[in-house]
Amino acid sequence: MRIENKIQASCVEWFKNQFCLKHHKPRYEIFSVPNEATYSNNNFKALGIRDGVSDTVVVLNKEVLFIEFKDPKGSQSEEQEDFEKLVTDLGHSYYIVRSIEQFKEVIYDRIN
């Protein structure tokens, strides 16, 4: 498993356990966008798969965060930079996260 995937899996697991269970009030959501697995398939392109979309989307109270996971040396593709500009121009938050500690900081900053 790639380092980025390990970081993402750890962050998703932590977030789900902290904020996504039925007893959590408020209850938030996190989900992945597996574009790299399906982008070359024209059927999925017709259904809305878009190159450059963030790895995950976090839905908070009245706010949506777009999270891109990178290893310590990873950089964005042109398509990812374009997607970041699109969503931030629309008033949404976009983060590049390189560790679970950084992810926790982003989440606690947004919910407090």
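Scroll up a little and you will see the structure.
Just so it is clear, the structure is predicted and the values come from calculations on it, not from any experiment.

Chemist: How should I be thinking about the packing of aromatic side chains in this particular structure?
Modeler: Each aromatic ring pair is summarised here by two numbers: the centre-to-centre distance and the angle between the ring planes. Applying the stated criterion across every chain, the model contains 10 aromatic pairs. Residues Trp14 and Phe19 carry aromatic rings whose centres are separated by 5.7 Å and whose planes lie at 80 degrees to one another, so their mutual orientation is edge-to-face. The exposure class assigned to Trp14 is buried, which follows from its relative accessible area of 11%. Residue classification places Phe19 among the buried positions, given a relative accessible area of 10%. Pairing Phe15 with Phe19 gives two aromatic rings, centres 5.1 Å apart and planes at 45 degrees, and the pair type is tilted. Placement of the pair is Phe15 and Phe19 together in helix 1 (residues 3-19), with a separation of four residues, close to one helical turn. Under the relative-accessibility criterion, Phe15 is labelled buried at 0%. Aromatic ring contacts, followed pair by pair, group Trp14, Phe15, Phe19, Tyr28, Phe69, Phe103 and Tyr108 into a single cluster.

Chemist: Looking at this structure, how should I read the environment of Gln80?
Modeler: Following the sequence through the fold, Gln80 ends up in helix 4 (residues 78-89). Accessibility expressed as a relative area gives 11% for Gln80, which makes it buried. The spatial distance from the C-alpha of Gln80 to the C-alpha of Phe19 is 27 Å, given a sequence separation of 61 residues. Here Gln80 is in contact with Gly52, Glu68, Lys70, Ser75 and Tyr94, once residues within four sequence places are set aside.

Chemist: Help me understand the state of the cysteines, please; the structure alone is not making it clear to me.
Modeler: When the sulfur atoms of two cysteines share a covalent bond, that bond is a disulfide. Under the counting rule described, the total for this entry stands at zero disulfides. No disulfide involves Cys11; its sulfur sits 13 Å from the nearest other cysteine sulfur, which is in Cys20. Residue Cys11 is classed as buried on the basis of its relative accessible area, which comes to 0%. A relative accessible area of 10% places Cys20 in the buried class.

Rules used throughout
- Residues numbered from 1 in each chain as written.
- Predicted model: local features only at pLDDT ≥ 70, side-chain atom pairs only at ≥ 80, totals over all residues.
- Heavy atoms only, no water.
- Phe/Tyr/Trp six-rings, centres within 6.5 Å; stacked < 30°, edge-to-face > 60°.
- Buried < 20%, exposed > 50% of the residue type's maximum accessible area, 1.4 Å probe, protein only.
- Helix = DSSP H or I, 4+ residues; strand = E, 2+ residues; numbered from the N terminus.
- Contact = heavy atoms within 4.5 Å.
- Disulfide = S-S within 2.5 Å.

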